[in-house]
Amino acid sequence: MKVKRRLESVGMKRLVSLLIMGLSIAVVISCGGGSGGGGGGSNGSVSGSGTGSGLELNTYSVSFTANLNGALPSNQSVTVSVTDPDAYYLIAGYPPSVTAPTWLDMSISGSSSPFALILSINSSSIPVGTHQTTVRVLCARSDNSVIAYRDISVAYTVTDELTVVPQTLNFSYTNGASSVPADQSLSIGGQGFTWTASANQSWVNLSAASGTSPSTLIVGVDPTGLATGIHSALLTVSDGTTDLTVDVTLTIGAPSISVSPSAIVLGDTNGLDMSAQSFQFSLSTGSNVYPWSATLTTGSGGPWLLTGASSGTVSSSPVSIIVDADRSGLSAGSYAGNIQINAVVGSDVVSIDVPVTLNTSAHRLFVSDNGVAFSSMPTLSRLTHTVAVQDTYGMTTTHWNAVSNQSWLSVTNSGTTSGNLMLSADPTGLSSDTVHYATVTISSPDAGIENTETVRVGLWVGSSDPAAVFSDTVAYSEIVADAIRPYAYAHDNGTDIDIYNVFTGVVVATIPSVAAQLGPMTKSSDGSFLYALDLTNQQIVAINLDTLAVGSGWNLGPVMTTARIAYARPKGFGVLLTSNGWAYDATNGTRQTENGFLANGNVAANLDSNMMVVQRIGTSGHSFYRYTLDYSTLGPQRLFITLTHAYSESGFARDLAISDDGLQVYSACGSPYNFRVYDGDTLALDQSLPAGAYPNNVEVGTNGLFYGGISALYGPTDIWVYDSGGAVQSSYYASGYADNIVDRQLAVSADGLSIIVLTTDPTIQFITGP
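Residues numbered from 1 in each chain as written. Predicted model: local features only at pLDDT ≥ 70, side-chain atom pairs only at ≥ 80, totals over all residues. Heavy atoms only, no water.

Trainee: Run through the overall build of the chain, naming residues and quoting values.
Mentor: Each helix and strand counted, the chain has 1 helix and 65 strands in total. For the chain, with 770 residues in total, the buried portion stands at 51%. For the chain, the proportion of contacts with a sequence separation of at least 24, taken over those separated by at least 6, is 59%. Of the roughly 31100 Å² of accessible surface on the chain, a fraction of 49% belongs to carbon and sulfur atoms. Side chains of the chain carry 25 positive and 55 negative charges; the gap between the two charge centres is 16 Å. (Helix = DSSP H or I, 4+ residues; strand = E, 2+ residues; numbered from the N terminus. Buried < 20%, exposed > 50% of the residue type's maximum accessible area, 1.4 Å probe, protein only. Contact = heavy atoms within 4.5 Å. Areas by Shrake-Rupley, 256 points an atom, 1.4 Å probe, with all protein chains shown as cover. Lys, Arg positive; Asp, Glu negative; His and termini not counted. Charge placed at Lys NZ, Arg CZ, Asp CG, Glu CD.)

Now the structure itself:
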């Protein structure tokens, strides 16, 4: 007896009662909510065979047919309708006189009338002949009294003949592949039949040519020498009387090339990435290797597309190809190219295209320090300077020529990037106590270079040496040293800016009505402009230092909480970095960045302007954020600022400076009582330079020296000068007793011969040295 569904819903007492009736139960389900007794009596007796109303079937006979050891016949379903409202159980099984057969299974499905009695055959391995049984379907009340039952006659005929399964065999193969299609099995049915097997195509392989059923015949295929396409064969199995055929199909497809990534972009979206890219491709031939070649095409710009290899062999193991571009002679823009990979496999030639886009920014020359200050005095001078000439592609083979427009300034005539341009000044015969100016023009004969670069040079010829220390008693709040002149610019947060000669201490001019309330200042690296913050109107004001003309203010947008401003020139394009977290075009004030950078603190960039550092000021500590700077002439966004490192430090931040080469970051943070030096790449602390309480000024001169100042009320030293290795070169005491140097108000003249500081005395101090 096999109980298949919901037998647990029948109590043991009821089940025993039903078994007393002699019914061999196969499946029981609850079919309704009837609860009354009566009808057939509580002992489950039924009056009349197959009688009683309330139960109907759609058929009373079912037959199945199968071949011996062959496939099982499909299930058959009998619809059972229960109409008596007192019916509670629906039961299927076998009458008392019937032995339950092993070859038949049954189940009931459905949750309400009509139900489906599912009859299924579970074996074809029984004796040949017709096997019969009777299935009884019965409905009963909840008290086990039978309402009605119906009998179904079931016949199962098992025949014996030669059979084959399946009747079709399909094989697939990729031309040139190392692995042939897997063999398939053909089942030959029937009991004791002697059979033979053959195929009408030689590419069909059989594991045996004859045998006795039942048996299994292994069928394989050999695609060697066959062309791409569909090939058909007929396999015949015969017992001498009956011929059975099996359709065999072999589909040979052309191999395919897979590539990743599917497209290449050189230069990134902004045209600034000079690195090569790569892609991989493979052929769907397994371990079998075939020749490949690459065909390169470009839509414009000439044959700029390059690959590391143009031919070779390939299989399913990926081949990697380097893709690069020769940008020589290309102007800024986007260029389209294509790499077609072709592979030859027998008579098949398969191809795939890899589109290549080249984005390139303008190819330009630039120098980092495009402003140079020289000085000549009886015993004090600086008359030579070296400038590195670079190009925006980072190439070292771009040719350049340099010409000076003044006879007193000699320059290196030519070179290649990143070679040095040497400038040498000869003051012989020049008028004294005068600033002399020269311009060096740098150009390239190479195709594709889109600009000429200039270096502005100022030469101060003094008739006498400056005093070691001299001062002026004025309560200034901000100072900036000129980039090419022996000048310093100072103001007292008012509206005007005074211009001092750092070697004479004389106010040579005053720039009136610059802003409603002046704040921090900076200058362009070539000495063309002075930039000042207007704190009242939240603007940047540009002053032309050649004419002293004051320009209209540029609105800053977001209001600054801590006013700072710095100048940078990434790849030769001047920008202003402000502590409101934005950058602005230094020529017109247009905001350059989309997302800005972390702000509210000190901002500084190195001489090459390929990096910047923000020193955010906190109440009990400060944080450093290092960014890379890059500039593109391609696309709407030109300036790219990318955060690379961050570092937190204790102490209240006062001032920030970066060495010209960007290798060192200097910090004055009040406490601890030393100048902190950080790695310019990682921001890791490198060294601490001895000082005193309280560090509040750091500056890097064009001579490579580092200058540090402290807020020392009682001396004896408040300024130190260190070389790049951290060794002290000289020291000074500028502020005087009970006074100190003002935060961030230590500057160094562009020729490195004068230190300018503001003190709370109040004075502006000029110190000749080191």
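Trainee: Go over empty space enclosed by the protein with me, naming the residues and quoting the values.
Mentor: In the structure shown here, the tally under the stated rule is 3 cavities of 30 Å³ or more. In this model, the second largest cavity occupies a volume close to 40 Å³. Around the second largest cavity, the lining residues are Ala373, Phe374, Ser375, Trp460, Ile484, Arg485, Pro486, Phe503, Ser749, Ala750 and Asp751. In terms of residues, the lining of the second largest cavity owes the most to one element, strand S29 (residues 371–376), which gives 3 residues. Of the residues in the lining of the second largest cavity, the class split is 7 nonpolar, 2 polar and 2 charged. (1 Å grid on protein atoms, 1.4 Å probe; cavity = no way out; pocket = protein on both sides within 12 Å on 5 of 7 lines; lining within 4 Å. Points joined across faces, edges and corners; volume = space filled by probe spheres on them. Nonpolar A, V, L, I, M, F, W, Y, C, P; charged D, E, K, R; others polar.)

Trainee: Explain the side chain of Asn67 to me, and be specific about the residues and the numbers.
Mentor: Here Asn67 shows up in strand S3 (residues 61–67). Judged by relative accessible area, which is 11%, Asn67 ranks as buried. For Asn67, the side chain forms a polar contact with the main-chain nitrogen of Glu161, separated by 3.1 Å. If we ignore the near neighbours within four places in the chain, the residues touching Asn67 are Ser124, Val158, Thr159, Asp160, Glu161, Thr163, Gly189 and Gly190. (Polar contact = N/O pair within 3.5 Å; in protein donor to acceptor, adjacent residues only side chain to side chain.)

Trainee: Summarise the sheet that holds strand S6 (residues 104–109); cite the residues concerned and give the values.
Mentor: The strand order across the open sheet built from 4 strands is S2-S4-S7-S6, with neighbouring strands paired in antiparallel fashion. Every interior strand has two partners, whereas the edge strands, strand S2 (55–57) and S6, have only one. Across the sheet, the mean angle from the axis of one strand to that of its neighbour is 25 degrees, orientation sign disregarded. In this structure, S2 lies alongside strand S4 (residues 76–82), joined through 3 bridges in antiparallel fashion. Counted as the bridge partner of Leu55 is Val82 from S4. (Pairing = 2+ DSSP bridges. Axes fitted to C-alpha atoms, helices over the stretch in contact; angles between N-to-C directions.)

Trainee: Go over the layout of surface pockets, please, and point to the residues and values.
Mentor: In this structure, the largest pocket spans a volume of roughly 300 Å³. Asp526, Ser528, Phe529, Tyr567 and Thr587 are, among the 19 residues lining the largest pocket, the residues nearest its centre. For the lining of the largest pocket, the secondary structure elements donating two or more residues are strand S37 (453–461) and strand S44 (529–534). Residue contributions to the lining of the largest pocket peak at 4 residues, all from S37.

Trainee: Let's hear about the side chain of Ser528: which residues, and what values?
Mentor: Assignment of secondary structure puts Ser528 in the loop between strand S43 (518–523) and S44. When near neighbours in sequence (up to four residues on either side) are disregarded, Ser528 contacts Arg456, Ile543, Asn544, Leu545 and Asp546.

Trainee: Summarise the state of the cysteines; cite the residues concerned and give the values.
Mentor: Enumeration over the complete set of coordinates arrives at 0 disulfides. Unpaired in terms of disulfides, Cys31 finds its nearest cysteine sulfur in Cys139, a separation of 6.5 Å. (Disulfide = S-S within 2.5 Å.)

Trainee: Tell me what's going on with the pattern of salt bridges, and back it up with residues and numbers.
Mentor: Under the definition given, this model contains 9 salt bridges. A salt bridge links Arg150 to Glu56, with the nearest nitrogen and oxygen atoms 3.6 Å apart. Here Arg150, found in strand S9 (residues 146–159), pairs with Glu56, found in strand S2; they are 94 residues apart in sequence, far enough to count as distant. According to the relative accessible area criterion, Arg150 is buried, its value standing at 9%. A residue is classified by how much of its surface remains accessible, and Glu56, at 40% relative accessible area, is partly exposed. The salt bridge involving Asp546 is made with Arg456; its shortest N-O contact spans 2.9 Å. Linking Asp546 in the loop between strand S45 (539–544) and strand S46 (549–550) with Arg456 in strand S37, this pair joins segments that are 90 residues apart in sequence. Judged by its relative accessible area of 18%, Arg456 falls in the buried class. (Salt bridge = Lys/Arg side-chain N within 4 Å of Asp/Glu carboxyl O.)

Trainee: Break down the pairing of S9 for me, with residues and values.
Mentor: Most of S9 is tucked away, with 10 of its 14 residues classed as buried. Bridge count for S3 against S9 is 7 bridges, and the pairing is parallel. Looking at the pairing, Ser61 lines up with Ser153 of S9. Note that strand S8 (residues 129–140) and S9 share 12 bridges and pair antiparallel. Opposite Thr130, over in S9, you have Thr157 as the bridge partner. Joining the antiparallel neighbours S8 and S9 is a turn of 5 residues, in which Asn144 adopts a positive phi near 80 degrees.

Trainee: Tell me about the packing of aromatic side chains, and name the residues and values.
Mentor: Evaluated as defined, the whole model comprises 22 aromatic pairs. Judged by centre distance (6.4 Å) and plane angle (25 degrees), the rings of Phe624 and Tyr647 are stacked. Of the two residues, Phe624 is situated in strand S53 (residues 621–631) and Tyr647 in strand S54 (residues 639–650); the sequence distance between them amounts to 23 residues. Classification of Phe624 as buried rests on a relative accessible area of 1%. Classification of Tyr647 by relative accessible area gives partly exposed; the value is 26%. Aromatic ring contacts, followed pair by pair, group Tyr666, Phe675, Phe706, Trp720 and Tyr722 into a single cluster. The ring of Trp582 is capped by Arg591, whose NZ or CZ atom sits 3.7 Å from the centre of that ring. (Phe/Tyr/Trp six-rings, centres within 6.5 Å; stacked < 30°, edge-to-face > 60°. Lys NZ or Arg CZ within 6 Å of the ring centre and 35° of its normal.)

Trainee: Describe the sheet that holds strand S25 (residues 319–325), naming the residues involved and giving the relevant values.
Mentor: Taken together, the 4 strands give an open sheet; going across it, the order is S19-S21-S25-S23, and neighbouring strands pair in antiparallel fashion. A strand with exactly one partner marks an edge of an open sheet, and here the two such strands are strand S19 (257–260) and strand S23 (305–307). Averaged over all pairs of adjacent strands, the angle between their axes in this sheet comes to 30 degrees, without regard to strand direction. Note that S19 and strand S21 (residues 277–283) share 4 bridges and pair antiparallel. If you follow Val259 over to S21, its bridge partner there is Phe281.

Trainee: Let's hear about the confidence of the model for the chain: which residues, and what values?
Mentor: Confidence in the prediction of the chain, expressed as mean pLDDT, is 90, and 93% of residues score 70 or more. Note on residues 1–20: pLDDT is under 50 here. Beyond four places in sequence and across chains, it has 37 contacts. Low pLDDT, under 50, characterises residues 35–49; the predicted model gives this stretch 35 contacts beyond four residues in sequence or across chains. (pLDDT = per-residue confidence, 0-100.)

Trainee: Any chance you could break down the nonpolar core for me, citing the residues and the numbers?
Mentor: In this structure, Val80, Leu90, Met106, Leu117, Leu119 and Ile152 are the most contacted members of the largest nonpolar core, which totals 35 residues. Residue contributions to this core peak at 6 residues, all from S9. What Ile152 contacts, discounting residues up to four positions off in sequence, is Leu57, Thr59, Tyr60, Ser61, Val62, Val78, Leu117, Thr133, Thr134, Val135 and Val137. Among the nonpolar cores identified, the runner-up in size contains 34 residues, and Val435, Leu518, Ala532 and Ile756 belong to it. (Core = buried A, V, L, I, M, F, W, Y, C linked by side-chain atoms within 4.5 Å.)

Trainee: Tell me what's going on with the environment of Ser376, and back it up with residues and numbers.
Mentor: Its location among the elements puts Ser376 in strand S29. For the pair formed by Ser376 and Ala425, sequence separation is 49 residues and the distance between their alpha carbons is 9.2 Å. Setting aside anything within four residues of it in sequence, one finds Ser376 in contact with Ser381, Leu383, Pro427, Leu459, Trp460, Val461 and Gly462.

Trainee: So what's going on with the environment of Thr633? Residues and values would help.
Mentor: Summarising the element assignment, Thr633 is placed in the loop between S53 and S54. In this structure, the C-alpha to C-alpha distance between Thr633 and Ala332, residues 301 residues apart in sequence, is 7.0 Å. Excluding anything up to four places from it in sequence, Thr633 contacts Ala332, Ser361, Ala362, Phe573 and Arg638. Polar side-chain contacts of Thr633 include one of 2.7 Å to the backbone nitrogen of Ala362.

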